[in-house]
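Residues per chain, in single letters:
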Amino acid sequence: MSKILEMNHITKDFPGVRALDDVSFAVEEGEIHCLVGENGAGKSTLMKILSGVYAHDTYKGDVLYKDEIRKFENIKDSENLGIAIINQELALVPEIPVYENVYLGHEMARARFINWNETIRESKKHLEKVGLHINPTVPTKSLNIGQRQLIEIAKALSKQAKVIIFDEPTSSLNDEESMNLLKLIKQLKKEGITSIMISHKLKEVIEVADTATVLRDGKVITTLKKEKDEIKQRAMVKAMVGRDIKNVFPDHTDKSKDETILEARNINAYNRMARRQVVKDASFKLKRGEVLGVAGLMGAGRTELALSVFGNPLGYDVSGEVDINGKNVDFSHPKNVIDRGVAYVSEDRKGNGLILMQDVKENISLANLKGISKGPFINEHEEVVVAEKYRKDLKIKTPSVEQRVRNLSGGNQQKVSLAKWLYSDPKILILDEPTRGIDVGAKYEIYTLINDFVERGLSIILISSELSEVISMSDRIIVMNEGKIAGELSREEATQEKIMTLAVE
């Protein structure tokens, strides 16, 4: 195979931090090349340079595509050459129909008129290719984050790209959906399309990669080849973190007590926008000091159930009852539930978890301003002290707590979102995909924190699409299927096969 692109001696600086330090990177035509590394290693930055998100005059070094130096001014320049990027941060317009998003920016027009019927037909083909069997005329905002991720992939396919960059493409998908996407990437390879995939899921890298390049602290550490049998989990982990991590999950001991801290009864939720019932007569109990896992396929109602109990911030029609510490709670508004010691870490950190234009300290204090206030005034010194504590405890990589959150890597943004709710001193913590888009080293840190929280008596609801995660970290697991709780499994009896059986039958 010949090289389709090269990136030579790339150096990129942001305020207070060097994101890439003399990085050289090459991709063979028709291969699947994976980029791995811890949060902040420079993976997404490197790909944003390749795709034109960062213009050529903002970095040092050369980008070669088909043996010619390219100086992209913007993303349109790279797309015109056949390079498409699917960012981890979704770039869809929620208010318009799905088919318009699929062809947004490259509309199917003749003369000055868009052929909407053809657009709908063609978008449906691309949606079905990525396994999203929906009516393309539905509003994009009626779909959950995992479905929106698939729309982004369909959008890239509609551009007839020769090189597709996937930035954490399976981060919102469950195991079955992730495997279907990996099959699609392999099929694209057979069709001559080159894929570059950023992923923290090393099993996926092992599954699909022809080549894997490991970055750490903005530098290339090693490049591994499948043909040489080099792409192995331990080798990648050691290169990523500079040390061996023998166990992906720390030991977890059941600390739960018989006391029920939260009980939800007969929860129903109707999504008016999508015109469908998203939660159906769901009841469950959460014990003090317990980690209750919530599993199920994408669209099964896991997030919708959690949001309903958290006070329904999305505006669904919700009914049922919620008791906290044995007392009935008015859960019609999030404030009522937050005041009773419940916190919710959203799966959509950019849309719902953080204010990207604000800095780290302002985001961390956001859910508990009274904790740093005296009367109507915020104690700015105390705000910095609090932020520094969580920066240290959660190992948030930032040059300063006054750094804007939008300048952090996705994983560090997730840690800030977690810190925000931890500062509210919750008794019940709902974690919705807490390790989405987080590398293996940072995942271990989050898992260790979860163990620390239950040691201190917190109760946790853990929603996860990764079956190994929900099995390893939960004391008890409920499985959702089409809005209903299909069954419950103890830690001892839970297996991936049993969970999937409940999720699909």
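Everything in this summary refers to the structure shown in the same document. Values in this document were obtained by computation on a predicted structure and should not be read as measured data.

Here we come to the overall build of the protein chain. Across its full length, the protein chain holds 17 helices and 24 strands. Relative to a compact globule of 505 residues, whose C-alpha radius of gyration would be 23 Å, the protein chain shows 23 Å and is just as compact. Its C-alpha atoms put the protein chain at 70 × 50 × 50 Å along the principal axes. When the 505 residues of the protein chain are sorted by exposure, 54% land in the buried category. Intrachain contacts of the protein chain at a sequence separation of at least 6 include 67% that bridge at least 24 residues.

The terminal C-alpha atoms of helix α14 (residues 410–422) lie 19 Å apart, and with 13 residues this matches the ideal 18 Å at 1.5 Å per residue to within 8%. Most of α14 sits out of view: 13 of its 13 residues are buried.

Now for the layout of surface pockets. Of the pockets and cavities examined, the second largest pocket occupies roughly 790 Å³. For the second largest pocket, the lining is made up of 37 residues, of which T45, N407, L408, S409 and G410 are closest to its centre. Elements with a minimum of two residues in the lining of the second largest pocket: β2 (17–28), α1 (43–50) and α14. When its residues are assigned to classes, the lining of the second largest pocket shows 9 nonpolar, 18 polar and 10 charged.

Spatially, β14-β13-β16-β17 is the arrangement adopted by the 4 strands of the open sheet, whose pairing is antiparallel. Since the sheet does not close on itself, it has two edges, and those belong to β14 (276–287) and β17 (327–329), each with one partner. In this sheet, adjacent strand axes meet at a mean angle of 10° when their direction is disregarded. As defined by bridge partners, strand β13 (residues 260–271) adjoins β14 across 8 bridges and the pair is classed as antiparallel. Looking at the pairing, T260 lines up with K287 of β14. Along the sheet, helix α9 (residues 302–309) contacts β13, β14 and β16 (317–324); its crossing angle with β14, the most-contacted strand, is approximately 70°.

The next subject is helix α5 (residues 145–158). In this model, α5 (14 residues) spans 20 Å end to end at C-alpha, consistent with the 20 Å of a helix rising 1.5 Å per residue. Directly after α5, the chain includes Q160, whose backbone phi takes a positive value near 55°.

So, on to a nonpolar patch on the surface. Nonpolar side chains collect at one region of the surface, where I355, M357, L366, L369 and I378 lie side by side and expose about 400 Å² of accessible area between them. In this structure I378 comes out as partly exposed when scored by relative accessible area, which is 42%.

This brings us to the pairing of strand β12 (residues 219–225). Both strand β11 (residues 211–216) and β12 contribute to a ladder of 6 bridges, which runs antiparallel. Of the residues in β12, the one forming a bridge with R216 is K219. Hairpin remark: β11 followed by β12, antiparallel, with 2 residues in the connecting loop; positive phi at D217, about 55°.

Here we come to the packing of helix α4 (residues 116–129) against α5. Two elements in contact, α4 and α5, have axes separated by 9 Å at closest approach and are oriented at 120°. Relative to α5, the element α4 is oriented oblique. Crossing handedness for the pair α4 and α5: right-handed. Here H126, L127 and K129 of α4 lie close against α5, whose contacting residues are I151, A154, L157 and S158.

Phi angles above zero are rare outside glycine, and H9 is one such case at about 55°. Position of H9 among the secondary structure elements: in strand β1 (residues 3–14). In this structure, E433 takes a positive phi of about 50° despite not being glycine.

To continue, consider the nonpolar core. Counting 68 residues, the largest nonpolar core has L262, F284, L418, L429 and I460 as the members making the most contacts within it. The element that contributes the greatest number of residues to this core is helix α15 (residues 440–455), accounting for 7 residues. Core analysis: the second largest hydrophobic core is formed by 45 residues, L92, F166, L181 and L184 among them.

Counted by the stated rule, this structure contains 29 salt bridges. Between R265 and D323 there is a salt bridge whose closest N-O contact spans 2.8 Å. In this pair, R265 is assigned in strand β13 and D323 in strand β16, connecting sequence segments 58 residues apart. Close ionic contact of D393 with K389 constitutes a salt bridge, the shortest N to O distance being 2.8 Å. Separated by 4 residues within a single helix, D393 and K389 lie in helix α13 (residues 380–393), roughly one turn from each other. D393 sits in the partly exposed class, given a relative accessible area of 38%. Judged by its relative accessible area of 45%, K389 is partly exposed. One network of salt bridges, in which partners are shared, links D13, R18, D21 and K219.

Here the focus is the packing of α14 against α15. To characterise two packed helices, one gives the angle between the axes of the helices and the distance between these axes. For the pair α14 and α15, the least separation of the axes is 12 Å and the interaxial angle reads 10°. With respect to α15, the element α14 is oriented roughly parallel. Here α14 and α15 pass one another in a crossing that is left-handed. Across the interface between the two elements, K415, L418 and L422 of α14 pack against A442, E445, I446, L449 and F453 of α15.

Take the sheet that holds β1 next. Here 4 strands make up an open sheet; going across it, the order is β2-β1-β4-β5 and the pairing antiparallel. Of all the strands in the sheet, just β2 and β5 (68–70) have a single pairing partner and so form its edges. For this sheet the average axis-to-axis angle between neighbouring strands, irrespective of direction, equals 25°. Examined bridge by bridge, strand β4 (residues 60–65) and β5 share 3 bridges and lie antiparallel to one another. Bridged to Y65 within β5 is E68.

Criteria and cut-off values
- Residues numbered from 1 in each chain as written.
- Predicted model: local features only at pLDDT ≥ 70, side-chain atom pairs only at ≥ 80, totals over all residues.
- Heavy atoms only, no water.
- Helix = DSSP H or I, 4+ residues; strand = E, 2+ residues; numbered from the N terminus.
- Rg over C-alpha atoms; globule rule 2.2 N^0.38 Å.
- Buried < 20%, exposed > 50% of the residue type's maximum accessible area, 1.4 Å probe, protein only.
- Contact = heavy atoms within 4.5 Å.
- Expected span 1.5 Å × (residues − 1).
- 1 Å grid on protein atoms, 1.4 Å probe; cavity = no way out; pocket = protein on both sides within 12 Å on 5 of 7 lines; lining within 4 Å.
- Points joined across faces, edges and corners; volume = space filled by probe spheres on them.
- Nonpolar A, V, L, I, M, F, W, Y, C, P; charged D, E, K, R; others polar.
- Pairing = 2+ DSSP bridges.
- Axes fitted to C-alpha atoms, helices over the stretch in contact; angles between N-to-C directions.
- Patch = residues over 30% accessible without salt bridge, like charges linked within 9 Å, V, L, I, M, F, W, Y side chains within 5 Å.
- Areas by Shrake-Rupley, 256 points an atom, 1.4 Å probe, with all protein chains shown as cover.
- Salt bridge = Lys/Arg side-chain N within 4 Å of Asp/Glu carboxyl O.
- Parallel < 35°, antiparallel > 145°, perpendicular 65-115°, else oblique.
- Left-handed = near helix turned anticlockwise from the far one by under 90°.
- Core = buried A, V, L, I, M, F, W, Y, C linked by side-chain atoms within 4.5 Å.

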